[in-house]
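Here are the chains, one letter per residue:
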Amino acid sequence: MKSFQAYPQYNVIPKSLTVAKRLAQCLNPALPAGVHGKTLDVYAYILETIGPDQLADDITLYSYGLFPFLQHASLSVKPQLLDIYEKYYLPLKDRLKPCLKSFMIGLLPGLDEEGSEFFDRVLGIMDNLRKAVDETFFFQCMWLILITSSQHRGPALHYLGRRMPHLTNTEDVAFVLGDDAGLMVRAFSATVGDSQLLVQRAMLDLMVVHFPVSNGLIEQNDLIVLVKAAVGVVLRKDMSLNRRLYAWLLGPQEGKKKVFDGPAKTALITGLKSILLSEGEELQESQKPYRVFVSLLDEWDIGYPVIQAVFLDALLSLKRHVDAGHHGAELLQTATMWIDMTDPYLIWKKMSEAINENFPAENGQEPYALNLVIFFLNSFKLNDEEMQHMHMPMFLLFLLTKIQ
């Protein structure tokens, strides 16, 4: 500090790269708070000396040490650091864009614990940062953080839960998302699949309140990606997650039972079919759709229409995996739980539809229906009394009629 103060007439820092490196090293978390405080004093003096224009040119040099420091800073030096952000960085406005994502990542640890001493101040800096740059660009950086930095998803959702605008029309969407709505959808998809339950819960809350399916503002292809990712939360068997997911899919109840229909139903069916058609050989991936079916059937209003739409695809996918020798015994064990929970009427109705459409197979068509029925009978123990005494005899009578 004394070396710089000895030449106040100069507003440039000689060997700035070396100076910036040494200052960053002095903010090592292993060093005592007193060293950190003195280092921040030097930063403040340098930034005051060089002025905003030179800081804009050298922003990567000095930010290299300052941005990552907030999460390691002790309570005694955090006010100094936040003062530097407010006094020297926020006035740069648009010139912050090259380092905006890094700046936001540096600030987000301050929003990790709601109600903490500096939470409101960091929240205010984030608000001012959003206003200082283009808001669309700010939100795009937030989506990139959600995609690439799992450890910052929790505090990012604390911010979005308070500041995400309500989207009611396409103009709102364009304001928040710009020309790339898919970036936000990928961010939501990555976050709703996070390993932390609290992060998943916060993400679903954000989707329910600020981005409901019922507003029709999500393009169908993007909606399929998002629903496909969101439905995976049912595998955690957590009622708080399931309740939020079903609220998002069904939309506002408005005092009466909601019929599961429209874009959410179409997207969920398409997404599940795409999972079934995947050629992955990993057991966990192969089991996933059947485990999802089991969980969805707990919410009959959603599970029944979805299972009805994908039943034959699911059975064909199961047969394909078993025939190929991909964990056949384990897959059948998981699928048995699904079949046991499925309404026998639905099962034999779909079997009858397959036979009606594909038996005898027309020229050029694969004769899959009868093979599928044989696979089903050989793979599952059909001990249900209703199935044995009513559905199967009726199906056999129908099959005999087709043969005649």
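Rules and cut-offs
Residues numbered from 1 in each chain as written. Predicted model: local features only at pLDDT ≥ 70, side-chain atom pairs only at ≥ 80, totals over all residues. Heavy atoms only, no water. UniProt positions renumbered as here; feature names shortened; annotations may be inferred. Helix = DSSP H or I, 4+ residues; strand = E, 2+ residues; numbered from the N terminus. Rg over C-alpha atoms; globule rule 2.2 N^0.38 Å. Buried < 20%, exposed > 50% of the residue type's maximum accessible area, 1.4 Å probe, protein only. Contact = heavy atoms within 4.5 Å. Areas by Shrake-Rupley, 256 points an atom, 1.4 Å probe, with all protein chains shown as cover. Lys, Arg positive; Asp, Glu negative; His and termini not counted. Charge placed at Lys NZ, Arg CZ, Asp CG, Glu CD. Salt bridge = Lys/Arg side-chain N within 4 Å of Asp/Glu carboxyl O. Phe/Tyr/Trp six-rings, centres within 6.5 Å; stacked < 30°, edge-to-face > 60°. Lys NZ or Arg CZ within 6 Å of the ring centre and 35° of its normal. Core = buried A, V, L, I, M, F, W, Y, C linked by side-chain atoms within 4.5 Å.

The protein chain is annotated in an unreviewed UniProt entry as Dopey N-terminal domain-containing protein of Podila minutissima. The UniProt entry for the protein chain carries this comment under Subcellular location (unreviewed entry): "Golgi apparatus membrane". Quoted verbatim from the Sequence similarities (unreviewed entry) field of UniProt, the annotation for the protein chain is "Belongs to the DOP1 family."

Draft legend 1. Inspection of the overall build of the protein chain at higher detail. When helices and strands are counted, the protein chain shows 21 helices and zero strands. For the protein chain, whose C-alpha radius of gyration is 29 Å, the value lies well above the compact-globule estimate of 22 Å for 404 residues. With respect to the principal axes defined by its C-alpha atoms, the protein chain has extents near 105 × 45 × 40 Å. Within the protein chain, the proportion of its 404 residues that are buried is 47%. Residue pairs at least 24 apart in sequence account for 70% of intrachain contacts in the protein chain once pairs closer than 6 positions are excluded. Split by element, the accessible area of the protein chain, about 20,000 Å² in all, is 52% carbon and sulfur. Once the 37 positive and 46 negative side-chain charges of the protein chain are each reduced to a mean point, those two points are 6 Å apart.

Draft legend 2. How the structure looks around unusual backbone geometry. That bond from Phe359 to Pro360 is cis: its omega, -10 degrees, falls within 30 degrees of zero. Structurally, Pro360 is set in the loop between α19 (344–358) and α20 (369–379). Positive phi values are uncommon outside glycine, yet Lys93 reaches one of about 50 degrees. Of note, Lys237 is a non-glycine position whose phi angle comes to about 55 degrees, a positive value. Looking at the element boundaries, Lys237 is found in the loop between α13 (220–230) and α14 (239–250). Owing to a relative accessible area of 54%, Lys237 belongs among the exposed residues under this scheme.

Draft legend 3. Structural detail: the pattern of salt bridges. Summed over the entire model, instances satisfying the criterion amount to 13 salt bridges. We note a salt bridge from Asp127 to Arg163, for which the minimum N-O separation is 2.9 Å. Taken together, the residues span a long stretch of sequence, with Asp127 in helix α7 (residues 119–132) and Arg163 in helix α9 (residues 153–163) at a distance of 36 residues. With relative accessibility at 30%, the residue Arg163 sits in the partly exposed group. In this structure, a network of salt bridges that share partners links the residues Asp127, Arg130, Glu135 and Arg163.

Draft legend 4. Spatial organisation of the packing of aromatic side chains. This model, assessed by the stated rule, comprises 19 aromatic pairs. Consider the rings of Phe138 and Phe139, whose centres lie 5.6 Å apart with planes at 85 degrees: the pair is edge-to-face. By the burial criterion, Phe138 is buried, and Phe139 matches it. The ring of Phe137 is capped by Lys97, whose NZ or CZ atom sits 5.2 Å from the centre of that ring.

Draft legend 5. Region of the structure containing the side chain of Thr334. As for its placement among the helices and strands, Thr334 is situated in helix α18 (residues 328–341). With near-sequence residues (within four places) excluded, Thr334 lies in contact with Gln287, Tyr290 and Arg291.

Draft legend 6. Seen up close, the nonpolar core. One finds Tyr85, Tyr89, Trp143 and Trp338 to be the most contacted residues of the largest nonpolar core, which totals 137 residues. For this core, the element with the highest residue contribution is helix α17 (residues 300–323), accounting for ten residues. Sequence-distant contacts of Tyr89, that is, excluding residues within four places in its chain, are made with Leu47, Leu55, Ile59, Tyr62, Ser63, Leu66, Phe67, Ile84, Leu96 and Phe103.

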